[in-house]
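Descriptive structure summary
Residue-level listing of the chains:
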Amino acid sequence: VGEEEAKGIGLYLGKLLTELAGKQSQALRLADFLEDDSMQGAWGSAGDDAAAPKAAASAVAVHAIVAFGALDHFLRRQEGQQRVIGTLLGRVDGRTVTVTNSYAVPCEEGADGTVAVGQDYQEKMSRLLARVNPDEAVVGWYATPGADGAPTDDASEMIHGFYAGACAGQAPVHLVVDPRLEGDAGITLRGFVSDGNGFAEIPCELAFDRGERLCLARMVRGQREPFGSAESVADVMDADEDGLALEDALRDVDALAAYVKARRAANEDVDPKVARALNEALAALPKIEDAVARGALRAETRDVLMVSYLAGVTKAQLAIGAKLHESF
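Per chain, residues are indexed from 1 in the order of the written sequence. Local features in a predicted model are, by the rule used here, given only for residues with pLDDT of at least 70; side-chain atom pairs are given and counted only at 80 or more, and totals for whole chains, interfaces and linings are based on all residues. Working from all heavy atoms in the structure, the side-chain values ignore hydrogens and water.

**Concerning the pattern of salt bridges**
- Whenever Lys or Arg places a side-chain nitrogen within 4 Å of a carboxyl oxygen from Asp or Glu, that contact is recorded as a salt bridge. Counted under the stated rule, the structure contains four salt bridges.
- Here Asp120 and Lys124 are joined by a salt bridge, their closest N and O atoms 3.6 Å apart. Pair noted here: Asp120 and Lys124 are both in helix 5 (residues 119-132), with a separation of four residues, about one helical turn.
- By relative accessible area, Asp120 is classed as buried at 17%.
- With a 1.4 Å probe rolled over the protein chains alone, any residue whose accessible area is under 20% of its type maximum counts as buried; one over 50% counts as exposed, and the rest are partly exposed. Note on Lys124: relative accessible area 11%, which makes it buried.
- Of the charged contacts in the structure, one is a salt bridge between Arg190 and Glu201, with a shortest N-O distance of 2.8 Å. Here Glu201 lies in strand 10 (residues 199-202) and Arg190 lies in strand 9 (residues 188-194), a separation of 11 residues in the sequence.
- Its relative accessible area of 46% is what places Glu201 among the partly exposed residues. Here a helix means four or more residues in a row that DSSP labels H or I, a strand means two or more in a row labelled E, and each is numbered from the N terminus.

**Quick word on the side chain of Thr100**
- Examined against the element boundaries, Thr100 turns out to sit in strand 4 (residues 96-105).
- Polar contact is defined as a pair of N or O atoms within 3.5 Å, subject to the rule that within protein one atom must be able to donate a hydrogen and the other to accept it, and that residues adjacent in sequence are counted only when both atoms are side-chain atoms. Polar side-chain contacts of Thr100 include one of 2.9 Å to the side chain of Glu136.
- Here Thr100 is in contact with His63, Ile65, Val66, Leu89, Gly90, Arg91 and Glu136, once residues within four sequence places are set aside. Contacts are assigned to residue pairs that have any heavy atoms within 4.5 Å of one another.

**Things to note about the sheet that holds strand 7 (residues 137-143)**
- Pairing between strands requires that DSSP locate at least two bridges from one strand to the other. Strands sit in the order 10-9-8-7-3-4-2-11 across an open sheet of eight strands; the sheet is mixed. Edge positions in the sheet fall to strand 10 and strand 11 (204-207), since each of these pairs with one other strand and no more. Mean inter-strand twist for the sheet, computed between neighbouring axes without regard to direction, equals 35 degrees.
- As paired strands, strand 2 (residues 59-63) and strand 4 are joined by four bridges and run parallel to one another. Note that in strand 4 the partner of Ala61 across the bridge is Thr98. Geometry is summarised by axes, namely lines fitted to C-alpha atoms with helices restricted to the contacting stretch, and by angles between N-to-C directions that run from 0 to 180 degrees.

Right under this line is the structure:
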């Protein structure tokens, strides 16, 4: 994004927040929305495709930042609010949906079962984020369970129909994030799609890129090894990154060794050149346990830090000596 475009986006966002502050009650009853075809066609980018049959996803992968965003949204909810909802952004690969981002959407549930969402907010946020990252499209919505703890209910079906108009070419995915953290289950994520008679659950798993893995690993270890200084943060992150790279390499070696053993056990015909190259590569790599490899890496890191520290001390001593020599 260029400087001028970034300024334009900032001004647009400021105007959006000002408008929302003055029109907090500008929400749309879903029952009215679902009954009005013209309103459905005006929402999102689906347009005329909203009425066409859309393929449903068979699996969903959710990045950790989306789960944390939903939990943060739930913690910041208004007093008395039982359910929070938001829009999921990501990409579709065949029948697999990968959710990479999300944002909260205002939602109110009445005592009579009516549900209202901030349509104006949703439309403007969707257009704004499309300008910032056009590779991310609306792929569905997330919610926390209702007051009874059930993952879906009648209100979920109404909201799902609302989001069906925003997902072009793919039926929306409904992600349920359970914030109760009951037992040893931790954060529970469940994915659903509409099967015409309600909701059908589909496989759902967490996905991590390297940055997310580094942050999560340090968060977990930070419970027993708190950060000591700003410099130690960089050192720990570098060590974590090297450790994760080493883990990936060892995992690839193990998969390669298993492949070679399976081919040999099955007496399958293989290209002799390929088999010889694989065996030579595996023989050149010593078999080191993960704990031993990590220990060696930490020891080497400590040695490098010690050498760096001694070099700094020596440099300081030379500078002090030079100052003393000049003064006399």
